[in-house]
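The lines below spell out each chain.
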Amino acid sequence: MTQPRQFVIEADGGSRGNPGPAGYGAVVIDPVTGETLAEAAEYIGVATNNVAEYKGLIAGLKAARALVPDAAVQVRVRMDSKLVVEQMSGRWKIKHPDMKPLAAEAARILPASAVTYEWIPREKNKHADRLANEAMDAGRRGKQWEPSASTAALDTPRPSTTADLPPVSGPPGDAAAGAAKARAALASRPGATSPAAPRVGWGAAPDLGAPATFVLLRHGETALTPEKRFSGSGGSDPELSAAGRHQAERIAQALAARGTIEEIVSSPLRRCRETADAVAARLGLEVRIEDGLRETDFGAWEGLTFAEVRERYGPDLDAWLASAKAAPTGGGESFAEVTRRVAAARDRLTARYAGRTVLLVTHVTPIKTLIRLALGAPPEAMFRMELSAASVSAVAYYADGNVSVRLLNDTSHLR
């Protein structure tokens, strides 16, 4: 009896804005030799991360099917999207209306018995991630991704061993021979191109890779939040209110459904730790504390409303509003001091979590500071951003120094 052909598919998708300009990438790999047999990528316009990831899966399955259209296949799909892996494995229900037709399309390409799904960390999905980023870069230029211009395979070479790839059943010689035939078939297809030579100098693609993506979560409400009182790191360190605890549960639910968070880092203050703990309990992750993410010390203004500060400390408030170097009354921190602290924390965290998606549970000022720095905006931009309790923002930091603000003040999970 002829053994089915074995393939590994790695797929990914991304959106610079979620929703925003989106693209996907997929690669079909020989599990014996580790060689790339086929690549696919496409810019798909404005879409969410999840839609792009499903599109990548579909493209990968179609590419594997096209390699041996008349033969039985056995495919292992490897993705860093827990949502797609769990939904396609049948362990999570598919509730979102945008996901249902995509999942159904993926399921029709190959028999369910021929496909298994495996979650992998993002750093093990670099090839597909790079293809998705190439597709999004092409879309930004008003073009579509072209195989002849891709450097994804060159920038993310396969290891010399295939120990990290799934085992195959059947004689290795048969699989290797089949892979050679598949490559020959691909080369003979209309429009097929050979791998491009690496480009250098001004023609080279930017070294983006997988960014360190910070999902910035402002903590849930405390008793001081609805009254809009200054609540920093120099006050009483309030706990979450009943409303705040409910908000923490809602965001925990939403992030679990999204399935992209790999690490959780929190400010040391109680309201953030309680919010982070709610998410961590749902995701099965630990919470690390980063002191650089604490809120501003508002000095003598702690616990007061803006009107009360205006009445008691008017000249100091005017100075604070006019200059990032002015500190709140009574030894508080200036925005300039907070910026230095937050920027140092950002640098530590981007180095530690390169290529990973990390939830940072923090406060108004640190989040606005990270957004402002990413945009290259002046300090006064801090006063022009709205940031609600339990809101989500996101910033991606690439290896070449580029930064992309992907989201600001999203509260859809609370509705």
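Note: the structure precedes this text.
Residues numbered from 1 in each chain as written. Predicted model: local features only at pLDDT ≥ 70, side-chain atom pairs only at ≥ 80, totals over all residues. Heavy atoms only, no water.

Enquirer: Just to check I follow, could you spell out the overall build of the protein chain for this structure?
Expert: Broken down by element type, the protein chain carries eleven helices and eleven strands. The buried share of the protein chain, reckoned over its 415 residues, is 51%. Contacts spanning at least 24 positions in sequence make up 73% of the contacts within the protein chain whose residues lie at least 6 apart. Here the protein chain displays about 18,700 Å² of accessible surface, and carbon together with sulfur accounts for 53% of that area. (Helix = DSSP H or I, 4+ residues; strand = E, 2+ residues; numbered from the N terminus. Buried < 20%, exposed > 50% of the residue type's maximum accessible area, 1.4 Å probe, protein only. Contact = heavy atoms within 4.5 Å. Areas by Shrake-Rupley, 256 points an atom, 1.4 Å probe, with all protein chains shown as cover.)

Enquirer: Just checking my understanding: could you explain the sheet that holds strand β9 (residues 357-362) for this structure?
Expert: The strands making up a sheet are joined through hydrogen bonds of the backbone, oriented either antiparallel or parallel. Spatially, six strands are ordered β8-β7-β9-β6-β10-β11 in an open sheet, and the strand pairing comes out mixed. The sheet is open, and its two edges are formed by β8 (287-289) and β11 (403-410), each paired on a single side. Averaged over all adjacent pairs, the angle separating strand axes in this sheet is 20°, with direction ignored. With six bridges connecting them, strand β6 (residues 212-218) and β9 associate as parallel partners. Looking at the pairing, Phe-214 lines up with Val-358 of β9. (Pairing = 2+ DSSP bridges. Axes fitted to C-alpha atoms, helices over the stretch in contact; angles between N-to-C directions.)

Enquirer: Honestly, the side chain of Asn-50 in this entry has me stumped. Any pointers?
Expert: Looking at the secondary structure, you find Asn-50 in helix α1 (residues 49-67). Asn-50 has contacts with Leu-83, Met-99 and Arg-258, leaving out every residue within four places of it along the chain.

Enquirer: Looking at this structure, I do not really get the sheet that holds strand β4 (residues 73-79). What am I missing?
Expert: Spatially, five strands are ordered β3-β2-β1-β4-β5 in an open sheet, and the strand pairing comes out mixed. Sheet topology places β3 (36-47) and β5 (115-119) at the edges, where each strand pairs with a single neighbour. Going from strand to strand, the sheet's axes swing by 20° on average, the running direction of each strand aside. Inspection of the sheet shows strand β2 (residues 20-29) paired to β3 by ten bridges, in the antiparallel sense.

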